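Architecture and fold: a report
The primary structure of each chain is shown beneath.
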Amino acid sequence: MISYIIAAYNESKNISACVDNVLENFIEGGEIIIVDDGSTDDTWEICQRLTQKYREVKAYHQTNTGVSGARNHGLRMATKKWITFVDADDRVVNQGLEKMLQKAEEVNADLIIGAQTVNGENREVNEMYELREGNTLQIYALNKSKYSKCMLGKIHGCYGKLYKTELAKAVGFIDGLGLGEDLLFVMGVLERAKKIATTNIVCYSIYENAMSATRRMNKDMIEYAVKFIKETQILEMERRDSVYFEELNYQRFHHFDVGVGGFLAHRENRMAFAERLMICKEVGRECGIEEICRNVNLNSKSLSAYEKKAVLSLSEGNYSGFLLYRIFFGKMKSIKSSIGDFLKRRK
C-alpha cells in the first residue's frame, strides 16, 4: 500500500536502524525504497545487505545529486498507491501511518498530514481528523507559528504525511535545491490536491542532528538560498493575496538568513569580516533581499527579537548590522547548547 522513500547520504550509522524502525511500523503490501546518493562511506554496502535480508527493501545507487535528486529517484521507483518520506536519522512512530492510511482511504483524500514530535518526545493526543483547504494550509506551511496553533508538528516538511503516488510524482522536488526543497514540494502538493485531511495523530519523530546540512558549515547553502528565493517567484505569481505574500517573503528572508547568514556567521568560518560582508552584499543584491525584507511584516508575533533586527537591517541595506547580529545570535545559541549539554550530564 505504501512506498516508504529514504534518501541516504553517508548514513552508515543510521540506515540499518531506520529500516528496522520502518519495518516495526510497516503496513503489509508496502515497499521500502532506499536511494543512496553517492555516499562516500559504506552506506551502499549496508543497503545491499538490507535488500538481501528483507524482501520489502529495494535499494538504488546514484551519483551524488543532493537530497532532491535522491527523493526524485525514489519517486520514479515507487510502485504503491501511497508514498511517505523518511529521513535516515528520524523515526516512524505509534503505528500512526496505519491510522492515517485508514482515514485517507475512508474520505478519499489525496493527502493526509500527520503530527510530528522532536527527539522522541511523548505526547498524548485524542484522535482528531479534519478536512482542510489547500490555500489555508499553504499559509500554515509558510508560517510555523500559525500552524502550531492548529496542530502538532511542522507542516512544511515532506515527512509525516501520506501522498497519493500520482500526485507526489506529478509535483516532484526541484533538482539541485538542498534548502527549503521540502517546503516547495509541499506547497506544490497543497496547490494540486483536491481533498486534504489533517490529523493530530503523531506518526513521525524528528531527531535534531548537529551535523545536518543546515547546521554544519557548508558554502553550498548560499547557492541553495539564492535558488530557493528565485524559485518562489513562481509561487508569488500563482497567488496574490496579501497574507500569502507576507508569509512568502518571511520564508525568503528565513532561507537567506539560514543559507547565507548561517554560512558567513558560522563559528568555523575563518574569512575576514570584510570578505564576509562583501559576499553578503553581493548575494543579497542578487536575490533582492532588501525589497523582500521591506515586505516582511515586522509586527508579526511569530517573528523573534533576532529576526526583527535582522529583517530591519536588511531592509535598510545594512548588511554589516545583519552579519553582526547573526554572529552574536550564533554565539548565544552555542552557549545555550553547551549549558544544556552540561545540565544533561549533571543529571
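In this text the structure is predicted, and so the values were computed from the model without any measurement.

Describing the overall build of the protein
Regarding its fold elements, the protein presents 14 helices and nine strands. Within the protein, the proportion of its 347 residues that are buried is 52%. Counting only contacts in the protein whose residues sit at least 6 apart along the sequence, the fraction spanning at least 24 positions is 79%.

A short note on helix H3 (residues 67-77)
Of all eleven residues making up H3, eight are buried, and the element is well covered by its neighbours. Inspection of H3 places Ser-68, Gly-69, Ala-70, Arg-71, Asn-72, His-73, Gly-74 and Leu-75 among the buried residues, and these make up the whole buried set. Here the buried face of H3 lies against strand S1 (2-8), strand S2 (31-37), strand S3 (57-62), strand S4 (82-85), helix H7 (165-171) and helix H8 (181-192).

What to know about the nonpolar core
Counting 68 residues, the largest nonpolar core has Phe-85, Tyr-163, Phe-185 and Phe-256 as its most contacted members. If one sorts the elements of this core by residue count, helix H10 (residues 242-264) sits on top with nine residues. Sequence-distant contacts of Tyr-163, that is, excluding residues within four places in its chain, are made with Lys-81, Trp-82, Ile-83, Phe-85, Asp-110, Leu-111, Gly-157, Cys-158, Ala-168, Phe-185, Val-186 and Val-189. Within the second largest apolar cluster, 35 residues are counted, among which are Ile-15, Cys-47, Met-100 and Ala-197.

Some details on the environment of Asn-10
Position of Asn-10 among the secondary structure elements: in the loop between S1 and helix H1 (15-24). With relative accessibility at 30%, the residue Asn-10 sits in the partly exposed group. Note: C-alpha distance between Asn-10 and Thr-43 (33 residues apart in sequence) is 5.9 Å. Those residues in contact with Asn-10 that lie beyond four places of it in its chain are Ser-39, Thr-40, Asp-41 and Thr-43. A distance of 2.7 Å separates the side chain of Asn-10 from the backbone nitrogen of Thr-40, its partner in a polar contact. Here the side chain of Asn-10 touches Asp-41 through a polar contact of 3.2 Å, landing on its backbone nitrogen.

Details of the packing of aromatic side chains
Per the stated rule, a full pass over the model turns up nine aromatic pairs. Ring plane angle 65° and centroid distance 5.3 Å describe the contact between Tyr-163 and Phe-185, whose orientation is recorded as edge-to-face. Of the two residues, Tyr-163 is situated in strand S8 (residues 161-164) and Phe-185 in helix H8; the sequence distance between them amounts to 22 residues. Each member of the pair, Tyr-163 as well as Phe-185, carries the same accessibility label: buried. Members of the aromatic cluster, joined through ring pairs, are Phe-85, Tyr-163, Phe-173 and Phe-185.

A look at the environment of Ile-289
Summarising the element assignment, Ile-289 is placed in helix H12 (residues 289-294). C-alpha separation for the pair Ile-289 and Ser-315, spaced 26 residues apart in sequence, amounts to 7.4 Å. Excluding residues that lie within four positions of it along the chain, Ile-289 makes contacts with Arg-252, Phe-253, Phe-256, Gly-284, Leu-314 and Tyr-319.

Section: the pairing of strand S6 (residues 111-118)
Most of S6 sits out of view: seven of its eight residues are buried. For S6 and S8, the ladder comprises three bridges, and the chain directions are antiparallel. Along S8, the bridge assignment pairs Ile-113 with Lys-161. Inspection of the sheet shows S6 paired to strand S9 (residues 196-206) by seven bridges, in the parallel sense. Residue pairing for S9: Ile-112 is matched across the bridge by Ala-197.

Parameters and conventions
Residues numbered from 1 in each chain as written. Predicted model: local features only at pLDDT ≥ 70, side-chain atom pairs only at ≥ 80, totals over all residues. Heavy atoms only, no water. Helix = DSSP H or I, 4+ residues; strand = E, 2+ residues; numbered from the N terminus. Buried < 20%, exposed > 50% of the residue type's maximum accessible area, 1.4 Å probe, protein only. Contact = heavy atoms within 4.5 Å. Core = buried A, V, L, I, M, F, W, Y, C linked by side-chain atoms within 4.5 Å. Polar contact = N/O pair within 3.5 Å; in protein donor to acceptor, adjacent residues only side chain to side chain. Phe/Tyr/Trp six-rings, centres within 6.5 Å; stacked < 30°, edge-to-face > 60°. Pairing = 2+ DSSP bridges.

Remember that the coordinates give geometry; whether it matters functionally is a separate question.
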